[in-house]
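# Fold and geometry: a report
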Amino acid sequence: MQRLAARDLPLQNAFLKAAKLALAGWSFVYKDMDMSTVEIRHSEPEDYLAYHRILAHPLVYRDTLQIPFPSLDLWSKKTKELPVGMHRLVACVDEGVVGFLHVEVKQAARRHHAAEFAIAVDPAHFGQGVGSALMTAMIDVCDNWLNLHRIELTVFVDNAAAIALYRKFGFEIEGTSRDFAFREGRYVDVHHMGRIRPDVQK
Ligand SMILES: CC(C)(COP(=O)(O)OP(=O)(O)OC[C@H]1O[C@@H](n2cnc3c(N)ncnc32)[C@H](O)[C@@H]1OP(=O)(O)O)[C@@H](O)C(=O)NCCC(=O)NCCS
């Protein structure tokens, strides 16, 4: 398998290099600045234990639309099903799943050009480049393989780490919805963020 080091993967070349790696089998290896190795692959049904572990962590369900005490049975079933348009990427360190990113191409007739994604990393691996590795792989798939025009998401307005990650990959805040979700006993606002593929921007 091909391996990348951070010095070989400046942001401006990331998409091109990821595309070359994707050609080698939709799996690639990413090394961040502390040189830990992150491998990206598609999820498999046996990953359900890792999904459950990550989503059961308060630092994860707090900043997503999940609720505490996720059901193991539910995630066992979910990982066996792949809805139309859904691509589920997982990030592995030493072959263990430490994060995931789900991107879903919109199925409405006039929204086939767009996809929405959700991401979460095991808190034990925050700040180690896992989120960046998942974002690099997802954007490569969207831009260079699915020919998508727009990628979008919602993020809680106080989720500084996620907003910084998305900005790093070219996403911009497009608007804000007030009292969008309920969290820790109160309503919280979200930003809507989007990215138009750079080569098709007006
Ligand atoms: C948001 C999340 C996916 C980031 O993953 P990560 O693996 O820690 O991200 P990375 O290590 O790749 O960091 C990427 C960038 O995010 C920014 N960042 C990371 N942690 C940050 C923090 N605590 N505060 C501000 N910026 C931060 C940095 O700009 C960093 O870029 P750099 O590496 O060039 O400095 C992770 O924190 C997470 O899973 N949080 C819980 C679930 C969640 O919030 N999901 C998103 C819901 S919209």
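Right above here is the structure, for reference.
### Digging into the overall build of the chain
Summing up its helical and strand segments, the chain has six helices and eight strands in all. Looking at the chain residue by residue over its 202 residues, the buried ones come to 28%. For the chain, long-range pairs separated by at least 24 residues make up 60% of all intrachain contacts whose partners lie at least 6 apart in sequence.

### Considering the nonpolar core
Among the nonpolar cores identified, the biggest contains 32 residues, and Leu 89, Ala 91, Phe 100, Leu 134, Met 138 and Cys 142 are the most heavily contacted of them. Of all elements in the fold, only strand 2 (37-42), helix 2 (48-55), strand 3 (86-93), strand 4 (96-105), strand 5 (114-121) and helix 5 (130-144) reach the threshold of two or more residues within this core. The biggest single contributor to this core is helix 5, with nine residues. Contact partners of Leu 134, with chain neighbours within four places excluded, come to Ile 40, Leu 89, Ala 91, Gly 99, Leu 101 and Ile 119.

### Focus: the site of the ligand
Close to the ligand lie 22 residues; Asp 63, Gly 131, Ser 132, Ala 161 and Ala 164 are nearest. Here the residues of the shell around the ligand sort into 13 nonpolar, seven polar and two charged.

### Regarding the environment of Ala 120
Residue position: Ala 120 is located in strand 5. Along the backbone, Ala 120 and Ala 91 are 29 residues apart, and their C-alpha atoms lie at a distance of 10.0 Å. With residues up to four places along the chain from it excluded, the contact list for Ala 120 reads Ile 54, Leu 55, Val 60, Thr 64, Gly 99 and Phe 100.

### Describing unusual backbone geometry
Positive phi, close to 50°, is recorded for Asp 179, a residue that is not glycine. By the secondary structure assignment, Asp 179 is in strand 7 (residues 172-183). Its 10 C-beta neighbours within 10 Å are what place Asp 179 among the exposed residues. Its identity is not glycine, yet Glu 184 carries a phi of approximately 45°, on the positive side.

Rules behind the numbers
Residues numbered from 1 in each chain as written. Predicted model: local features only at pLDDT ≥ 70, side-chain atom pairs only at ≥ 80, totals over all residues. Helix = DSSP H or I, 4+ residues; strand = E, 2+ residues; numbered from the N terminus. Buried ≥ 20, exposed ≤ 12 C-beta atoms within 10 Å, placed from the backbone. Contact = placed C-beta atoms within 7 Å. Core = buried A, V, L, I, M, F, W, Y, C linked by C-beta atoms within 7 Å. Near = placed C-beta within 6 Å. Nonpolar A, V, L, I, M, F, W, Y, C, P; charged D, E, K, R; others polar.

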